[in-house]
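Take a look at the letters that make up each chain.
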Amino acid sequence: MKAETRATDPQPLHRRDHARALPRSGLAARIGLALTCLLVLLRPESAAGNGGAVRVADAVAGPFVVSVFTDPNPLVVGWVDVSVLVRHPDGSVVDGADVWVVATGSGTAANVIRRQATRAEATNKLYYAAKFEIAEPGPWRFAVTVEADEGQGRVEFGAEVVPASVLDEPLVLGAMLAAPLLAVAWWIWRRSRGPQPNDGKSPGG
Amino acid sequence: MSPELRAFAESWAWDWPLVTALALGASVYAVGLARLARRAEGRSWPATGRVISFYLGIATAWLALLSPIGTYSELFFFLHMTQHLMLVLGAIPLLLLANPLATLLWGLPRPARALVVRVVRPGGFARWLAGEFTRPIVACVLFVGAVGVWHVPALYDLAQGRSAVHDLEHTIFALTALAFWWPVIQPSGRRRLGYGPALLYLAVPFFESNLIGALLTFASTPLYTWYANAPRLWGLSALQDQQIAGLVMWVPGGLYFLIPMLIMLAKALQQEESRQQAAEMQELGRR
């Protein structure tokens, strides 16, 4: 119990002599931490999950029932993925289908992207997923074709691709602005009322 | 194994920012433990229960966010509900029980440690803010408010898929849960709520989770457009999915608060009894 109290009490850490007394052998750990921080900063977008907003739900396409999802929600410029759920009319999942996604932006040839959707690309292994980069905002058309032993099917849908910025989300922007403003306003209000019994105490004292 | 079940079992997400954040937390803690073990012949080590609690908290967060529960939470409301309960009632209390701050600090490189110590110094803004947010009334209102507001259909639908709003929702849940559990768990115990006040404190989210759970279970139509539009799997209709979600919030979610409430009640009664016995002994002593 005595040992535990010593370990959980942060007070000794405030003293510089303890910081100096630390061993210098943590080089590998530091390199590991630095690499991990670098990974966080790089955030490889292509590794993000898929699924997302339902664009087509249980549409009959030839001998199949097809649902299509896009991610992120809303679609933003950069890496996007299109996931496709292919089922038989009885609800069982179709394995081994050839699924292709064609994305067309603003009708110019340069803006046509064609990718095969595969199980390997999908996080949810019920889906076939295709990941690709969209460079321009605006209205895009997506066509999904499915081919298997049973036959062929095709579905289409349109989606708006918006510029990539977290500031486009009014709710998130509002929360980001309101939270620090509220904290500061609260602090000023508390200070204006004079010293409080809890001032300067952390949770726990 | 059916293809659907196999697909579910294999649907683990590899979301780099989350994987990295969780791995980073676990690694920093491990480095801290190693340093504490070398220092003063290991006498500064935290109790084994706290170490287990920390890693269980990380594992629960991992399961909630990156396992098939997280992947399928976009298709099934009841899995989304399970995910939120795992985070708010599982991961956060476990991490708080571990009281990991000192060990994490020892795991940081020296400049980062000095910076964190400076930021959280007594009398500083960060400590003041943390103190304010963990006042029982504030923490309770924020937590109950966050849970209630995010279940409003328009907001819940907005926070689906991989979106900034979804990240905001999870961040708010995590922060308010951290503030809410602090006065109850309080690892150092210096400002922990007494048994009576803790009983009342826990009763508020208990009634809220019962209310939301009952509303979801007895609703006659699907309340959330996202799940009403999702393709149906496993033979579950959107309404059945919602009813299961309601039951998840109502039964396990409610019991989670009820059990500690009963423990607090028993402890409060025990405390009262001992106080009365002591008073009687004193009275007898005076005679």
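Note that the coordinates shown come from a computational prediction; the quantities given were computed from them, not determined experimentally.

(A) Region of the structure containing the overall build of chain B. The number of helices and strands found in chain B is 14 helices and 0 strands. Helices (α) and strands (β) of chain B occur, in sequence order from the N terminus, as α-α-α-α-α-α-α-α-α-α-α-α-α-α. For the C-alpha atoms alone, the extent of chain B along its principal axes is close to 75 × 55 × 40 Å. Per-residue burial for chain B yields a buried fraction of 49% across its 287 residues. Taking contacts inside chain B between residues at least 6 apart in sequence as the whole, the part at least 24 apart equals 74%. Accessible area for chain B stands at about 13,200 Å²; split by element, carbon and sulfur atoms hold 71% of it. Between the mean site of the 21 positive side-chain charges and the mean site of the 15 negative ones, chain B shows a separation of 17 Å.

(B) Examining the packing of aromatic side chains more closely. Residue and element names in this part refer to chain B. Counting across every chain of the model gives 26 aromatic pairs over all chains. Ring geometry for F180 and W181: centres 5.1 Å apart, planes at 85 degrees, overall edge-to-face. Centre to centre, the rings of F180 and Y201 are 4.6 Å apart; their planes meet at 10 degrees, and the pair counts as stacked. Pair noted here: F180 is in helix α11 (residues 164–185) and Y201 is in helix α12 (residues 195–218), with a separation of 21 residues, a long-range link. On the basis of relative accessible area, Y201 is assigned to the buried category, the value being 6%. Through successive ring pairs, a cluster of aromatic residues spans F143, F180, W181, Y201, Y256 and F257.

(C) Layout of the sheet that holds strand β5 (residues 112–117) of chain A. Residue and element names in this part refer to chain A. Strand order in the open sheet made by the 4 strands is β5-β4-β7-β8, with antiparallel pairing throughout. Edge positions in the sheet fall to β5 and β8 (151–161), since each of these pairs with one other strand and no more. Along the sheet, successive strands turn relative to each other by an average axial angle of 15 degrees, direction set aside. Here strand β4 (residues 98–105) pairs with β5 via 6 bridges, running antiparallel.

(D) Local environment of the environment of B:V141. Residues and elements named next belong to chain B. Summarising the element assignment, V141 is placed in helix α9 (residues 136–150). Given the relative accessible area of 56%, V141 is considered exposed. Spatially, the C-alpha atom of V141 lies 27 Å from that of I244, the residues being 103 residues apart in sequence.

(E) Highlighting the pairing of strand β2 (residues 64–71) of chain A. Residue and element names in this part refer to chain A. Among the 8 residues of β2, 8 are classified as buried, and the element is accordingly described as predominantly covered. By the alternation rule, side chains of β2 split into F64, V66, V68 and T70 and V65, S67, F69 and D71, which are all buried. Two elements, strand β1 (residues 53–61) and β2, share 6 bridges in a ladder whose sense is antiparallel. Counterpart to V56 in the pairing with β2 is V68. The turn linking β1 back onto β2 is made up of 2 residues, and G62 within it adopts a positive phi angle of 60 degrees. Here β2 folds back onto strand β3 (residues 78–87), and the loop between the two strands holds 6 residues.

(F) Broad picture of the sheet that holds β1(A). Residue and element names in this part refer to chain A. Across the sheet, 4 strands lie side by side as β1-β2-β3-β6; this open sheet has antiparallel pairing. At either margin of the open sheet sits one strand with a lone partner, and together these are β1 and β6 (128–134). Here the strands of the sheet are splayed against their neighbours by 20 degrees on average, with no regard to which way each runs. Of the strand pairs in this sheet, β3 and β6 are connected by 7 bridges, and their pairing is antiparallel. Bridging across to β6, V80 finds its partner in F132.

About the thresholds
- Per chain, residues are indexed from 1 in the order of the written sequence.
- Each chain is given a letter, starting from A, and each ligand a number, starting from 1, according to the order in which they appear as written.
- Local features in this predicted model are restricted to residues whose pLDDT is 70 or higher, and side-chain atom pairs enter the listing and the counts only when it is 80 or higher, whereas totals over whole chains, interfaces and linings include all residues.
- In computing side-chain properties, one takes all heavy atoms of the structure into account and sets aside hydrogens as well as water.
- For helices the rule is a DSSP run of H or I covering at least 4 residues; for strands it is a run of E covering at least 2, with both sets numbered from the N terminus onward.
- Classification of residues uses two cut-offs on accessible area relative to the type maximum, computed with a 1.4 Å probe and protein chains only: under 20% is buried, over 50% is exposed, and between them is partly exposed.
- It only takes one pair of heavy atoms within 4.5 Å for two residues to be counted as in contact.
- Note that accessible areas follow from Shrake-Rupley with a 1.4 Å probe, and for residues the cover is restricted to the protein chains shown.
- His is not counted here, nor are the chain ends, while Lys and Arg score as positive and Asp and Glu score as negative.
- The location of each charge is read from NZ of Lys, CZ of Arg, CG of Asp or CD of Glu.
- Centres within 6.5 Å are what make two rings of Phe, Tyr or Trp a pair, Trp counting through its six-membered ring; a difference in plane orientation under 30 degrees is then read as stacked, over 60 as edge-to-face, and the rest as tilted.
- Paired strands, as defined in this entry, are two strands with at least two bridges between them according to DSSP.
- The axes used here are C-alpha line fits, helices contributing only the stretch in contact, and every angle between their N-to-C directions lies in the interval 0 to 180 degrees.

Worth remembering: the numbers are spatial, not functional.
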